[in-house]
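Coordinate analysis (summary)
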Amino acid sequence: KAGVTQTPRYLIKTRGQQVTLSCSPISGHRSVSWYQQTPGQGLQFLFEYFSETQRNKGNFPGRFSGRQFSNSRSEMNVSTLELGDSALYLCASSLLSDTEAFFGQGTRLTVV
Amino acid sequence: GESVGLHLPTLSVQEGDNSIINCAYSNSASDYFIWYKQESGKGPQFIIDIRSNMDKRQGQRVTVLLNKTVKHLSLQIAATQPGDSAVYFCAESQRSYNTDKLIFGTGTRLQVFP
């Protein structure tokens, strides 16, 4: 079966712009979590959605937001981009909260 | 704040040798731990996990050891191969084995040389 799919793979944006990243979980998976990965801070949890509801949220500013659709696909949005938002954004899906989380390949965002 | 960390940022081993990657965690409430492998250009890949009611778990060529007394986790890779070269992360869950919000360590790069 297909794995977790993230689009686009690469993205270049200018400071002040906004961006939307997409994540399609493994078929049947209902939990989708987002992480930011940077060389300085490592992998940090952004938020998690389950059945279209945000259940968990990390320590990121309100410029970072997300949503989940009825088919479990999820999007995350970052508004008013800053240089420090340059990172690899990873999405992970799991069937339920207590089952193995599978990661996508990530979206590499570069803010210039 | 509480976090998961790693002792060694880079580990170089010879092909065929055993590798040991260490991880320290600070939250005694953590009850579930996972090791991930991340190759260049890819997302983290699950290797092995362990719950807090266990102190050892074995997989294919990998063993995870958990010492709750000193809050220490290790990943042992037997007969290390070139394909094992990657960055390895430990992750902890503080929510009753849930994987929906993981706290990751900083990562250790494993380099395997012939």
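Use the structure listed above.
In what follows, the accompanying structure is described. Position labels on residues start from 1 in each chain and follow its written sequence. Lettering for chains starts from A, numbering for ligands starts from 1, and both go in the order in which the items are written. In keeping with the predicted nature of the model, local features appear solely for residues at pLDDT of at least 70, side-chain atom pairs appear and are counted solely at 80 or more, and the whole-chain, interface and lining totals rest on all residues. By convention in this description, side-chain values take in all heavy atoms of the structure and omit both hydrogens and water.

Focus: the interface of chain A and chain B
- Contacts are residue-level and defined by heavy atoms, with any inter-residue pair within 4.5 Å sufficient. The partner chain B presents 16 residues to the 23 residues of chain A that form the contact.
- Summing both partners gives a buried area of about 1,500 Å² for chain A against chain B, and 51% of it is carried by carbon and sulfur.
- One speaks of a salt bridge when a side-chain nitrogen belonging to Lys or Arg is within 4 Å of a carboxyl oxygen belonging to Asp or Glu. The interface formed by chain A and chain B holds 0 salt bridges in total.
- Between N or O atoms, a polar contact is any pair within 3.5 Å; within protein, one atom must be a potential hydrogen donor and the other a potential acceptor, and residues adjacent in sequence are included only when both atoms are from side chains. Our count for the contact surface shared by chain A and chain B stands at 3 residue pairs in polar contact (both at pLDDT 80 or more).
- Labels follow the DSSP assignment, with helices taken as runs of H or I lasting at least four residues and strands as runs of E lasting at least two, numbered in each case from the N terminus. Where the side of chain A that touches chain B is concerned, the elements lending two or more residues are strand E4 (31-38), strand E5 (42-50), strand E6 (53-57) and strand E9 (87-94) of chain A.
- Among the elements that line the side of chain A that touches chain B, the one with the most residues is E4 of chain A, at 4 residues. A 1.4 Å probe defines the accessible area here, and the buried area is the portion of it lost by two parts on being joined, summed over both.

Observations concerning the packing of aromatic side chains
- Aromatic pairs are defined between Phe, Tyr and Trp rings, using the six-membered ring for Trp, whenever the two ring centres lie within 6.5 Å; interplanar angles under 30 degrees are classed as stacked, those over 60 as edge-to-face, and all others as tilted. According to the stated counting rule, one finds 11 aromatic pairs over all chains in the structure shown.
- Ring geometry for Tyr35 of chain A and Phe103 of chain A: centres 5.6 Å apart, planes at 45°, overall tilted. Placement of the pair is Tyr35 of chain A in strand E4 and Phe103 of chain A in strand E10 (residues 102-103), with a sequence separation of 68 residues.
- The class for Tyr35 of chain A is buried, based on a relative accessible area of 1%.
- Here the term buried applies to any residue with accessible area under 20% of the maximum for its type, exposed to any over 50%, and partly exposed to those in between, with areas from a 1.4 Å probe on protein chains only. Judged by relative accessible area, Phe103 of chain A falls into the buried class, the value being 11%.
- Ring centres of Tyr35 of chain A and Phe104 of chain B lie 5.4 Å apart, and the angle between their planes is 85°; this geometry places the pair in the edge-to-face category. With Tyr35 of chain A in strand E4 and Phe104 of chain B in strand E10 (residues 103-104), this residue pair bridges two chains. Both residues of the pair, Tyr35 of chain A and Phe104 of chain B, belong to the buried class.

Quick word on the side chain of Lys37 of chain B
Residues and elements named next belong to chain B.
- Mapping Lys37 onto the fold places it in strand E4 (residues 32-38).
- In this tally, Lys and Arg are treated as positive and Asp and Glu as negative; His is ignored, and so are the chain termini. As a buried residue without a salt bridge, Lys37 has its nearest oppositely charged side chain in Glu39, at a separation of 4.1 Å.
- The residues contacting Lys37, other than those within four sequence positions of it, are Gly43, Pro44, Gln45, Ile47, Gly83, Asp84, Ala86, Val87 and Tyr88.

Some thoughts on the environment of Tyr25 of chain B
Residues and elements named next belong to chain B.
- By the secondary structure assignment, Tyr25 is in strand E3 (residues 19-25).
- Classification of Tyr25 by relative accessible area gives buried; the value is 7%.
- Sequence-wise, Tyr25 and Ser74 are 49 residues apart; in three dimensions their C-alpha atoms are separated by 11 Å.

Observations concerning the sheet that holds strand E8 (residues 74-78) of chain A
Residues and elements named next belong to chain A.
- Note on pairing: two strands pair once DSSP finds at least 2 bridges between them. Taking strand neighbours across the sheet as the criterion, the 4 strands line up as E1-E3-E8-E7 in an open arrangement whose pairing is antiparallel. The open sheet has two free edges, formed respectively by strand E1 (5-7) and strand E7 (64-68), since each of these has just one partner strand. Within this sheet the neighbouring strands show an average axis-to-axis angle of 20°, counted without direction.
- In the sheet, E1 pairs with strand E3 (residues 19-24) via 3 bridges, with the strands oriented antiparallel. Considered in E3, the bridge of Thr5 is made with Ser24. Axes here refer to lines fitted to C-alpha atoms; in helices the fit is confined to the stretch in contact. Angles between the N-to-C directions go from 0 to 180 degrees.

Digging into the pairing of E4 of chain A
Residue and element names in this part refer to chain A.
- Most of E4 is tucked away, with 8 of its 8 residues classed as buried.
- Burial of the side chains of E4 extends over both faces: Ser31, Ser33, Tyr35 and Gln37 are buried on one face and Val32, Trp34, Gln36 and Thr38 on the other.
- Bridge count for E4 against E5 is 8 bridges, and the pairing is antiparallel. Bridge pairing in E5 places Val32 opposite Tyr49.
- The loop that links E4 with its antiparallel partner E5 comprises 3 residues.
- Relative to E9, E4 runs antiparallel, the two being bridged by 7 bridges.

Note that all results are geometric; they support no functional claim without further evidence.
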